[in-house]
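A look at the structure
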Amino acid sequence: MLNKFSENKLIFIEDLMFSNNTKERYWSILDSDLITTSENNKDKDLYEFTSDEIIEVVSALPTTKIRTQKQVLSVINRYINHAIERGWLSTGINPCEIIKANDDIHSNKESLKRTYMNLDEFYNWIENLEASDVDIMLLVLLRYGCTMKEICNLTHDDVNVYDKKLNVNGKKYPIDSMFINYIEKAYCCDEYEDTIYQDSNYIIKPTKKTRSNKVNENSLRNKMTMIAEKNNIDRPSINALNKSRKFDLILDIYNEKKILYYSDIEDVLKIFDDNMTDNKSFVLKENFEEMFNIKVHKSKRKTI
């Protein structure tokens, strides 16, 4: 979620002598909704936060694991040290140095629970939003696992209503009747209030005020912000919506077999990610166990 403070973080990421995977992980933390919203509310860059404000941010993370909180605190610490080296922080003092993670930071179980809505809860939520059917479809696509980049290129030809699959760059995302119902609404939506849409085969069609014949990631993020402002709610978390779909499918496996294995986590991740890694699988497993208190077993028992 880019804001006016994002440029400094992009400089920090570029200066890091780390692998691209590590840089992506650092960016996902610094560009998270939690941090950018805090910066916007306080109208200052993260490197200007006091120790109490940093503790507030890290304690608000949707997790019960101190290890996760320490990892985020470590990234913030590196970012502030970089700001000092660059001369951005005139005090030259890093407030992270006085933070004792085990004593000062507390877990946020309620925040963790709020990051997941099952599909019934999700549909009840969007039914009460003031937004066009096109903008609502953006939320639906995110909830079914699509990334912003993927959404920009999706057309109605990518929807297989018979097999209930969404073709996303060759990958087949599972959909259902409710998804199809909402996509039909989006297809028929020509205008909403003072917004008039282009006649387009893209699922998220651009407005007539837009020069391009399709939307881009920035315009989609702006849509998310406008939905939030119009409905007086927090900006929906893209990561939480994406992750919720993976949780759905893992829960489906558990409800059918009454047991989960690490390979089940990998199978679900493979649906959405062509570049699946052991680290991504491990993080999803940890997130799932933490959210639902359901054990994921390392491997299937050998039969004799």
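To be clear, the structure that these remarks concern was listed above.
Right, let's walk through the structure included here. (Residues numbered from 1 in each chain as written. Predicted model: local features only at pLDDT ≥ 70, side-chain atom pairs only at ≥ 80, totals over all residues. Heavy atoms only, no water.)

Turning our eyes to something else, we now look at the overall build of the chain. Along its length, the chain carries 15 helices and 7 strands. A principal-axis box enclosing the C-alpha atoms of the chain has dimensions of 65 × 60 × 35 Å. For the chain, the residues scored as buried account for 48% of the 304 residues in total. For the chain, long-range pairs separated by at least 24 residues make up 60% of all intrachain contacts whose partners lie at least 6 apart in sequence. Counting every atom, the chain has about 16900 Å² of accessible surface; 46% of that belongs to carbon and sulfur. (Helix = DSSP H or I, 4+ residues; strand = E, 2+ residues; numbered from the N terminus. Buried < 20%, exposed > 50% of the residue type's maximum accessible area, 1.4 Å probe, protein only. Contact = heavy atoms within 4.5 Å. Areas by Shrake-Rupley, 256 points an atom, 1.4 Å probe, with all protein chains shown as cover.)

In the Ramachandran plot, Asp43 falls in the positive-phi region, its phi being about 55° despite a non-glycine side chain. Considering the arrangement of structural elements, one finds Asp43 in the loop between helix H3 (33-42) and helix H4 (51-59). A positive phi angle, close to 55°, is found at Lys164, a residue other than glycine. The topology assignment puts Lys164 in the loop between strand E1 (159-160) and strand E2 (165-168).

Glancing now at helix H1 (residues 6-15). Since one α-helical turn is 3.6 residues long, residues separated by three or four positions face the same way. Restricting attention to buried positions, one finds in H1 the residues Ser6, Asn8, Lys9, Phe12 and Ile13. Considered in projection along H1, the buried side chains sweep an arc of 155° and stay on one side of the axis. Counted as exposed and oriented over 90 degrees from the buried face of H1: Glu7 and Glu14. For H1, the secondary structure elements touched by its buried residues are helix H2 (20-30), H3 and helix H5 (66-86). (Arc of directions from axis to C-beta.)

Looking now at the side chain of Asn94. Structurally, Asn94 is set in the loop between H5 and helix H6 (101-104). For Asn94, the side chain forms a polar contact with the main-chain nitrogen of Cys96, separated by 2.9 Å. The contact partners of Asn94, leaving out residues within four places of it in the chain, are Asn77, Ile80, Asn81 and Ile84. (Polar contact = N/O pair within 3.5 Å; in protein donor to acceptor, adjacent residues only side chain to side chain.)

What follows deals with the nonpolar core. With 55 residues, the main nonpolar core has Met137, Val140, Leu141, Leu166, Phe179 and Ile204 as its most contacted residues. If one sorts the elements of this core by residue count, helix H9 (residues 133-143) sits on top with 8 residues. Beyond its immediate chain neighbours, meaning those up to four positions away, Phe179 contacts Tyr123, Met137, Val140, Leu141, Tyr144 and Leu166. Tyr26, Cys96, Ile99 and Ile105 belong to the second-largest nonpolar core, a separate cluster that totals 27 residues. (Core = buried A, V, L, I, M, F, W, Y, C linked by side-chain atoms within 4.5 Å.)

For Tyr116, the position within the fold is in the loop between helix H7 (109-114) and helix H8 (119-127). By relative accessible area, Tyr116 is classed as buried at 14%. Considering only alpha carbons, one finds Tyr116 and Arg245, 129 residues apart in sequence, at a separation of 9.2 Å. Among all residues touching Tyr116, those that are not within four sequence positions of it are Glu121, Arg143, Ser244, Phe247, Asp248, Leu251, Met291 and Phe292. In terms of polar contacts, Tyr116 uses its side chain to reach the side chain of Asp248, at 2.7 Å.

This brings us to the pattern of salt bridges. Counted by the stated rule, this structure contains 17 salt bridges. Asp248 serves as the salt-bridge partner of Arg245, at 3.3 Å between the closest nitrogen and oxygen. Of this pair, Arg245 and Asp248 both sit in helix H13 (residues 238-257), 3 residues apart, which is roughly one turn of that helix. The two residues Arg245 and Asp248 agree in class, both being buried. (Salt bridge = Lys/Arg side-chain N within 4 Å of Asp/Glu carboxyl O.)

A separate point is the layout of surface pockets. Within this model, the second largest pocket holds a volume of roughly 510 Å³. As for the second largest pocket, its lining consists of 23 residues, of which Asp135, Thr195, Thr207, Lys223 and Met226 are closest to the centre. For the lining of the second largest pocket, the secondary-structure elements that each account for two or more residues are strand E5 (195-196) and helix H12 (217-231). A per-class count over the lining of the second largest pocket returns 8 nonpolar, 6 polar and 9 charged. (1 Å grid on protein atoms, 1.4 Å probe; cavity = no way out; pocket = protein on both sides within 12 Å on 5 of 7 lines; lining within 4 Å. Points joined across faces, edges and corners; volume = space filled by probe spheres on them. Nonpolar A, V, L, I, M, F, W, Y, C, P; charged D, E, K, R; others polar.)

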